[in-house]
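Notes for the structure review
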Amino acid sequence: MNHMSRIVHNYDSSGRLESVTVPADIWNQISPLVHSIAPASGQLEKREPLEDFATFLSVWDFSYAYDPSVCCPQCQAASPDWREDPARPFALANANIGGLLVFHCKRCGATIRHKYFKDHLAVESTPGS
């Protein structure tokens, strides 16, 4: 099996290339080049799952309004609206219709989980590594 047949091109519903999946052995060979041309921070930014978030909001049927504020319990970074904050202190990592939003704090690397229940929001966090 040649290397090209092991690379998977992932397309969105419009046919646009969204991502490329490569096996670990190939990634280990090309990652130095990729990191050399990545953003100055040296980290590759993952695309936020905003379509999943839109679906999450579209099925919202709780008796209370959605609150877009996020606060990191680890370093106290805060935003009144993670979507509109020009500083973008939080990145949405996951959203699902089961009532879970997961954020990553850009200041300390913590993971913040918003778990929405019919009558309340529970917030959990895990320190960054």
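Quick summary incoming for the structure in this document.

What counts, and at which threshold
- Residues numbered from 1 in each chain as written.
- Predicted model: local features only at pLDDT ≥ 70, side-chain atom pairs only at ≥ 80, totals over all residues.
- Heavy atoms only, no water.
- Helix = DSSP H or I, 4+ residues; strand = E, 2+ residues; numbered from the N terminus.
- Buried < 20%, exposed > 50% of the residue type's maximum accessible area, 1.4 Å probe, protein only.
- Areas by Shrake-Rupley, 256 points an atom, 1.4 Å probe, with all protein chains shown as cover.
- Patch = residues over 30% accessible without salt bridge, like charges linked within 9 Å, V, L, I, M, F, W, Y side chains within 5 Å.
- Salt bridge = Lys/Arg side-chain N within 4 Å of Asp/Glu carboxyl O.
- Polar contact = N/O pair within 3.5 Å; in protein donor to acceptor, adjacent residues only side chain to side chain.
- Contact = heavy atoms within 4.5 Å.
- Pairing = 2+ DSSP bridges.
- Axes fitted to C-alpha atoms, helices over the stretch in contact; angles between N-to-C directions.

1. Description of the overall build of the protein chain
- Broken down by element type, the protein chain carries two helices and eight strands.
- Burial statistics for the protein chain: of 129 residues in total, 29% are counted as buried.
- Summed over its atoms, the accessible surface of the protein chain is roughly 8,700 Å², and 55% of this surface lies on carbon and sulfur atoms.

2. Concerning unusual backbone geometry
- Phi is positive for Gln76, close to 70 degrees, though the residue is something other than glycine.
- Residue placement: Gln76 occurs in the loop between strand 3 (70-71) and strand 4 (78-79).
- Phi at Arg88 is positive, roughly 45 degrees, even though this residue is not glycine.
- Within the element layout of this structure, Arg88 appears in the loop between strand 4 and strand 5 (90-96).

3. Examining a nonpolar patch on the surface
- A grouping of Tyr11, Leu17 and Val20 is seen on the molecular surface, where their side chains present a nonpolar patch of about 310 Å² in accessible area.
- As for its placement among the helices and strands, Tyr11 is situated in strand 1 (residues 8-11).
- A residue is classified by how much of its surface remains accessible, and Tyr11, at 51% relative accessible area, is exposed.

4. Here we look at the pattern of salt bridges
- Evaluated as defined, the whole model comprises five salt bridges.
- The closest approach of N and O atoms between Glu48 and Arg88, which form a salt bridge, is 2.4 Å. Taken together, the residues span a long stretch of sequence, with Glu48 in the loop between helix 1 (24-37) and helix 2 (50-58) and Arg88 in the loop between strand 4 and strand 5 at a distance of 40 residues.
- For Glu48, a relative accessible area of 19% gives the class buried.
- Taking the relative accessible area as the measure of exposure, Arg88 reaches 22% and is therefore partly exposed.
- The shortest N-O distance in the salt bridge between Lys118 and Asp61 comes to 2.9 Å. A residue pair is termed long-range when its members are at least 10 positions apart, and Lys118 in the loop between strand 7 (111-116) and strand 8 (121-126) and Asp61 in the loop between helix 2 and strand 3 qualify at 57 residues.
- Looking at Asp61, the relative accessible area reads 53%, which means it is exposed.
- Each of Arg113, Lys115 and Glu124 takes part in a single network of salt bridges with overlapping partners.

5. A look at the side chain of Asp81
- Within the secondary structure layout, Asp81 lies in the loop between strand 4 and strand 5.
- Of the polar contacts made by the side chain of Asp81, one reaches the backbone nitrogen of Arg83; its length is 2.9 Å.

6. Details of the environment of Ala93
- Looking at the element boundaries, Ala93 is found in strand 5.
- Every residue in contact with Ala93, bar those within four places of it in the chain, is listed here: Pro49, Val102, Phe103 and His104.

7. Side note on the sheet that holds strand 5
- Taken in spatial order, the four strands of this open sheet run 5-6-7-8, and their pairing is antiparallel. Each edge of the sheet is formed by a strand with only one pairing partner; in this case those strands are strand 5 and strand 8. Pairwise comparison of adjacent strand axes, ignoring direction, gives a mean angle of 20 degrees for this sheet.
- Taken together, the six bridges between strand 7 and strand 8 define a ladder with antiparallel strand orientation.

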